[in-house]
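# Topology and contacts: notes
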Amino acid sequence: MERFEQEFLTKLDELVSIESVYHDAEATSEAPFGKGPAEALNCVLRWGEEDGMIVKNVDGYAGHIQLGEGRGEDAASVLVHLDVVPPGPGWTKAPFALTEEDGRLYGRGVLDNKGAAVAAYMALKQIKTEGVALKRPLRFIAGIDEERHWACMDHYFQEEPQPKTGFVPDADFPVITKEKGILDVEVTQPLFNIETSAPVFLQSLHSGERENMVPAAAEAELVMYDAAELERLYKLLEHMLAADQFKVEAHGSVLRLDVYGTPAHGAAPDLGDHAAVKLGQVLEQLPLDQAGLTFVQKLLAEWGDSTGRLLGVQKETSDAVLTVNAGVVRYDASTKQAKIVATVRAPAEVPLAELRAQLDTWAERRGMDLRVLDELPGHSLQSDHPLAQMLLDVYEGHTGERPAPLAIGGATYARVLKDGAAFGPLFPNRENTAHQADEWMYFKDLLLCTKMYEDVLQRLGQAENL
Ligand SMILES: [Zn+2]
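Residues numbered from 1 in each chain as written. Predicted model: local features only at pLDDT ≥ 70, side-chain atom pairs only at ≥ 80, totals over all residues. Heavy atoms only, no water.

Under the definition given, this model contains 30 salt bridges. Residue glutamate 439 pairs with arginine 108 through a salt bridge whose shortest N-O separation is 2.7 Å. Linking glutamate 439 in the loop between strand 23 (425-426) and strand 24 (440-442) with arginine 108 in the loop between strand 5 (104-106) and helix 3 (114-129), this pair joins segments that are 331 residues apart in sequence. Comparing glutamate 439 with arginine 108, the two get one shared label, buried. Where lysine 178 meets aspartate 319, a salt bridge forms, and the shortest distance between an N and an O atom there is 3.2 Å. Of the two residues, lysine 178 is situated in strand 9 (residues 176-179) and aspartate 319 in the loop between helix 7 (290-304) and strand 17 (323-332); the sequence distance between them amounts to 141 residues. Lysine 178 gets classed as partly exposed once you look at its relative accessible area, which sits at 21%. Because the salt bridges share partners, they merge into one network encompassing Glu7, Lys11, Asp51 and Lys125. (Salt bridge = Lys/Arg side-chain N within 4 Å of Asp/Glu carboxyl O. Helix = DSSP H or I, 4+ residues; strand = E, 2+ residues; numbered from the N terminus. Buried < 20%, exposed > 50% of the residue type's maximum accessible area, 1.4 Å probe, protein only.)

What follows is the structure in structure tokens.
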């Protein structure tokens, strides 16, 4: 194997082996997002230092590696993130180690976003090694709170100027010129009229941990005294679900029902199979108590509709549709509270204020409390913008193809740049395993990314009009 490839794998292995998942409990002033994310940032900055580039750690929030002299505001940039989502269940490989098998690289972050971070870093290093003359500095900027609230970038840009232009290798090829607007919301409902004497009493329903993931599992606790109801439940389960999609455990009159779906990124709920929605569809066939039934038929069903139609917020433009993902579902008869935390993603053209007003109308009609947790306006770059065209030129130069630019539901750091676009690392027709078990990418794809990123950085470093 070539030395370059060996170095790539060593670096990626080092980075994937760091569990850079956010941990509140570990937060300190040097590591505001916990030990793992801080370690990942230090690791990459150390590479830059060892390779003789200018590095800066901005208070443990984010950092950069700069090649070439000059001011930050004149720099062209590549923005990556080094934090990852928790591994979740279902892995057949070790999530925090790099496994190479049949040309594939497995590990949490290989696709999102550590593989691309190494590709971009190696591209920068190549430019340095080759001694390419630059008209302006190149900045590799790394954040470590991308999977949560982007506090890393907020802090970084308080201390450092915004680069003029840049790209973000954290989505798909050929180039993303539009990113949806995002509203993360929490809906709570106090529960009244809980009749524990109903034939089937819903005691609790829990599913999901994060608004931006489609829940892979859901569990409900039911109280039922009548054997005939239990019989009916079994029949329903066998009729509606495959054998490996549910599990029932009875403890006297209390029954625990687990339903399994398929996880996916909350920005693309159609790629997943929402476990709580499936569970709700089973439960609504039973003679549930009124509070439980209202919950599954209204709150859960309406937020479980990923098109937003049942909430009255459905939207579609020429290149994007609105999506809803209810990533966290909680129902507790004991505390008399029901709650849903969801991410709603609308085409870039839709004003978030309009979406918010429609959701408020829904909440008022249902008598529920709706709180906005996070709000991120959409982003768009004209597809005839010189940056978009340059990225397409590079893509075409390396692949022979020039597909149309894309619109996506995910949020990338491109939003923090005035002129910015996401560019790779996922090639068309490749399986998107971001946030999933056994996350993987082809090594050859990452090597091709490296070549393209080198080409892009070189063009950006020598351009005056981009
Ligand atoms: Zn990412």
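Here the narrative resumes, following the displayed structure.
What follows deals with the sheet that holds strand 18 (residues 337-346). Sheet architecture is open: 8 strands sit in the order 14-15-13-11-17-18-10-19, paired in antiparallel fashion. Looking along the sheet, the strands with just one partner apiece sit at the ends: strand 14 (246-251) and strand 19 (369-376). Averaged over neighbouring strand pairs, the angle between their axes works out to 20° when direction is ignored. Note: strand 10 (residues 181-190) against strand 18, 10 bridges, orientation antiparallel. (Pairing = 2+ DSSP bridges. Axes fitted to C-alpha atoms, helices over the stretch in contact; angles between N-to-C directions.)

This part is about the domain arrangement of the chain. The domain boundaries assigned to the chain delineate domain 1 (3-179 + 379-462) and domain 2 (182-376). Domain 1 and domain 2 are separated by 34 Å when their C-alpha centres are compared. With both sides pooled, the region where domain 1 packs onto domain 2 buries about 1,300 Å², and carbon together with sulfur makes up 55% of that total. Together, Lys178, Gly409 and His435 form the three largest contributors to the area buried by domain 1 at its contact with domain 2, with a combined 33%. Where domain 1 meets domain 2, there are 2 salt bridges. (Domains from an automatic or database assignment. Buried area = accessible area lost by both parts, 1.4 Å probe.)

On the protein side, the zinc ion has His81 (NE2), Asp112 (OD), Asp170 (OD) and Asp170 (OD) as donor atoms, found 1.8 to 2.5 Å from it. Each of the 4 donor atoms around the zinc ion contributes to a set of angles spanning 52 to 138°, which defines the coordination as irregular. As a motif over one chain, the donors of the zinc ion read H-x30-D-x57-D. Taken together, the residues histidine 81 in strand 3 (residues 76-81) and aspartate 170 in the loop between strand 7 (165-168) and strand 8 (171-172) connect sequence positions 89 residues apart. Each of the two residues, histidine 81 as well as aspartate 170, counts as buried. (Donors = N, O, S within 2.8 Å, 3.2 Å for Na, K, Ca; no water. Tetrahedral: all angles 85-135°; square planar, octahedral: opposite > 155°, others 65-115°.)

Closest axis-to-axis distance for the helix 7/helix 8 (residues 352-366) pair is 12 Å, and the angle between their directions is 165°. When the axis of helix 7 is compared with that of helix 8, the two are roughly antiparallel. Regarding helix 7 and helix 8, the two cross each other, and that crossing is right-handed. In this structure, helix 7 uses Lys298, Leu299, Glu302 and Trp303 to contact helix 8, whose residues at the interface are Leu359, Trp362 and Arg366. Each residue belonging to the contact of helix 7 with helix 8 can be placed in one class, and the counts come to 4 nonpolar, no polar and 3 charged. (Parallel < 35°, antiparallel > 145°, perpendicular 65-115°, else oblique. Left-handed = near helix turned anticlockwise from the far one by under 90°. Contact = heavy atoms within 4.5 Å. Nonpolar A, V, L, I, M, F, W, Y, C, P; charged D, E, K, R; others polar.)

A separate point is helix 5 (residues 227-240). In a regular helix each residue adds 1.5 Å, so 14 residues correspond to 20 Å; helix 5 covers 20 Å between its end C-alpha atoms and thus fits that length. Among the residues of helix 5, Glu229, Leu233, Leu236 and Leu237 are the ones counted as buried. Within helix 5, the buried residues cover an arc of 100° as seen down the axis, which keeps them to one side. Of the exposed residues in helix 5, those oriented more than 90 degrees away from the buried face are Ala227, Lys235, Glu238 and His239. Buried residues in helix 5 make contact with strand 11 (200-207), strand 13 (217-224), strand 14, strand 15 (254-260) and helix 6 (275-283). (Expected span 1.5 Å × (residues − 1). Arc of directions from axis to C-beta.)

Moving on: the nonpolar core. In terms of nonpolar packing, the biggest core is built from 81 residues, with Phe140 and Phe423 touching the most fellow members. Dropping the residues within four chain positions of it, phenylalanine 140 is found in contact with Val44, Gly63, His64, Ile65, Val78, Val80, Ala117, Ala120, Tyr121 and Leu124. With 57 residues, the next largest nonpolar core counts Leu191, Val223, Leu257 and Val282 among its residues. (Core = buried A, V, L, I, M, F, W, Y, C linked by side-chain atoms within 4.5 Å.)

Bringing helix 9 (residues 386-399) into the picture now. Since the α-helix packs 3.6 residues into each turn, any two residues three or four apart lie on the same face. Here helix 9 is 14 residues long and its end C-alpha atoms lie 20 Å apart, about the 20 Å a rise of 1.5 Å per residue gives. Taken together, the buried positions of helix 9 are occupied by Leu387, Ala388, Met390, Leu391, Leu392, Val394 and Tyr395. Against strand 7, strand 9, strand 22 (419-422) and helix 10 (443-462) lie the buried residues of helix 9. Downstream of helix 9 by a residue or two, glycine 400 has a phi angle that is positive, lying close to 80°.

In terms of burial, strand 2 (residues 62-67) is largely enclosed, as 6 of its 6 residues are buried. In this structure, strand 1 (residues 54-58) lies alongside strand 2, joined through 5 bridges in antiparallel fashion. Across the sheet, the residue bridging to isoleucine 54 is glutamine 66, located in strand 2. Between strand 1 and strand 2, which follow one another and run antiparallel, lie 3 residues, and aspartate 59 among them has a positive phi close to 55°.

A few words on the sheet that holds strand 24. Two strands in a sheet stick together by hydrogen bonds in their backbones, pointing the same way (parallel) or opposite ways (antiparallel). Pairing is antiparallel across the open sheet formed by 3 strands, whose spatial order is 4-5-24. The sheet is open, and its two edges are formed by strand 4 (99-101) and strand 24, each paired on a single side. When the angles between neighbouring strand axes are averaged without regard to direction, this sheet yields 25°. Of the pairings in the sheet, the one linking strand 5 to strand 24 comprises 3 bridges and is antiparallel in character. Residue pairing for strand 24: leucine 105 is matched across the bridge by methionine 441. Most of the contacts of helix 10 go to strand 24, to which it runs at about 70°, and overall it touches strand 4, strand 5 and strand 24.

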